[in-house]
Amino acid sequence: MPGRIRQYFSDRKDDVRDYTGCGVVGKFILAVVVVYLLVAIVLGMIWSSEPDVFSVREHTRTVADEMQREPVAGFATTVTMIRVAETLLDKPGGYVSNDIFPPGLWLDNMPNWEYGVLVQLRDLSRAMRKDISRSQSQSAEDPDLTIAEPQFHFDSGSWAIPSTEAEYRRGIQALRSYLDRLSRPDQPNAQFFARADNLANWLADLETRLGSLSRTLGESVGKASVSDAVSNVNPGDPLSEDVMGEEVKTSWTKIDDVFYEARGSAWALLHIFRAIEVDFRKVLNDKNALASAKQIIIELEGAQGEMWSPVILNGSGFGVLANHSLTMAAYLSRASAAISDMRDLLTRG
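Fair warning: this is a prediction, and the values are worked out from it, not measured in the lab.

This part is about the nonpolar core. Nonpolar side chains tend toward joint burial in soluble globular proteins. Counting residues in hydrophobic clusters, the biggest one holds 81 residues, and the most contacted among them are W202, F273, M342 and L346. The element contributing the most residues to this core is helix α10 (residues 255-279), with 14 residues. Filtering out sequence-adjacent residues up to four positions away, L346 remains in contact with A196, L199, A200, L203, V283, L284, K287 and A289.

Here you go:
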C-alpha cells in the first residue's frame, strides 16, 4: 500500500513536469503562480476585515475646523455620508464588489457588506434630494443632490467604462459641493430642513428595509409562509383547524450573504443615526423622541459586536451551536421597533 501511494505521487510529479516543462522557464512560471495564490489568500483575509466604527462628532468637528466653517444644521449628516462613502471605496482592498481578479474575485462576505452600506447611502441620498433639502413640494431640488443621488444608484458591479468607483466618487464630489454651499453664509440656496416630517419620511422607508432584513435573517432556521397560511384559512368556519403554509428557509449558501448585508447596513446606519442625533437634536427634544434615537443607536452598536467565529454558524434556535443570523435579526428587530416608536412620536402634532 505505501508503495502504491508513493507511485501515485511520483506519477503526479511527472505529470506536472510534463505540463510545465523541465526547463527553468516552466519552474519559474509554476513558482510565480504558487506565490501569487499565496499572496492572494493573505490579501483576501486582510481585505475581508470590516472597517472600524468612527466618532461622528469628532469627525464633524475636524472637518468644520479644516473648512473654517460653523457646523450648521445638516453639516454632520452630510459629512457622515461623505465619510461612509469614502470608507466604502478606500478601505483595505478598496471596493471589491466589481473585482474580476483574485483575491477580490474570491471574496464573498465583503461584497455583501458593501451592498448593505450602499443601500443605506442610496436611501439617505434620495431622502436628502426629495425631502430634507426642500422647503415644500413645489420648491426646486438642490443641484448637487440631483447629481449625488443617481450616482450612488449606479451599477455596483461595473468594472470599467465607466467604473463603479469613478461614478461613486462623482457622487462624493457632489456631496462636498453641497456641504460647501450649505456651510457658506453667502450661499442661501443650499438648505437642510431638519423637520419632523422629513425625518419621518426617511424612517418609514428604513423601517421596511430593516423589516425585510430581519425576516430573511430569521428564515435561516425556516418559517411558515404567512401569505400561504392566510390564503389557506377558511373564513366561513373560524373554528376550523389552521392550515400552515409552506416552510420558507434561506438557502445555506445565502446565509452568510444576508448576514453580512445586514452587518453592512447596521454599520452605515449607526453613523447616520449618530449624525441625525446632532442635526435633528431640537426636533427630537421637542417630540420627546431622543430616547428612541438613543435606543436605535444602542441596538446598532450591538449589531457591530466582535465576530469570534471564522464562519457564520447556523444552529437551530434552541440548539447547541450559535445562530448568528438570529442574533443579528434580534438587534435589527429591536432597532426597527424603536424606529417605529420614533416615527410615531415625530408624526404627532
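Having seen the structure, we can now continue with the description.
Once that is clear, we can look at the pattern of salt bridges. By the definition in use, this model includes 23 salt bridges. Across the pair R126 and D123 runs a salt bridge whose closest N-O atoms are separated by 3.0 Å. Taken together, the residues R126 and D123, both in helix α5 (residues 109-132) and three residues apart, mark about one turn of the helix. The class of D123 is buried, set by a relative accessible area of 5%. In this structure, the salt-bridge partner of D286 is K282, at a minimum N-O distance of 3.1 Å. Remark: K282 and D286 occur in helix α11 (residues 281-286); sequence separation between them is four residues, near one turn of the helix. The class of K282 is exposed, set by a relative accessible area of 62%.

Residues F28, I29, L30, V32, V33, V34, L37, L38, I41, M45, L105 and W106 make up a contiguous nonpolar surface patch of about 1200 Å² in total accessible area. By the secondary structure assignment, V33 is in helix α2 (residues 24-47).

Definitions and cut-offs
- Residues numbered from 1 in each chain as written.
- Predicted model: local features only at pLDDT ≥ 70, side-chain atom pairs only at ≥ 80, totals over all residues.
- Heavy atoms only, no water.
- Core = buried A, V, L, I, M, F, W, Y, C linked by side-chain atoms within 4.5 Å.
- Buried < 20%, exposed > 50% of the residue type's maximum accessible area, 1.4 Å probe, protein only.
- Helix = DSSP H or I, 4+ residues; strand = E, 2+ residues; numbered from the N terminus.
- Contact = heavy atoms within 4.5 Å.
- Salt bridge = Lys/Arg side-chain N within 4 Å of Asp/Glu carboxyl O.
- Patch = residues over 30% accessible without salt bridge, like charges linked within 9 Å, V, L, I, M, F, W, Y side chains within 5 Å.
- Areas by Shrake-Rupley, 256 points an atom, 1.4 Å probe, with all protein chains shown as cover.

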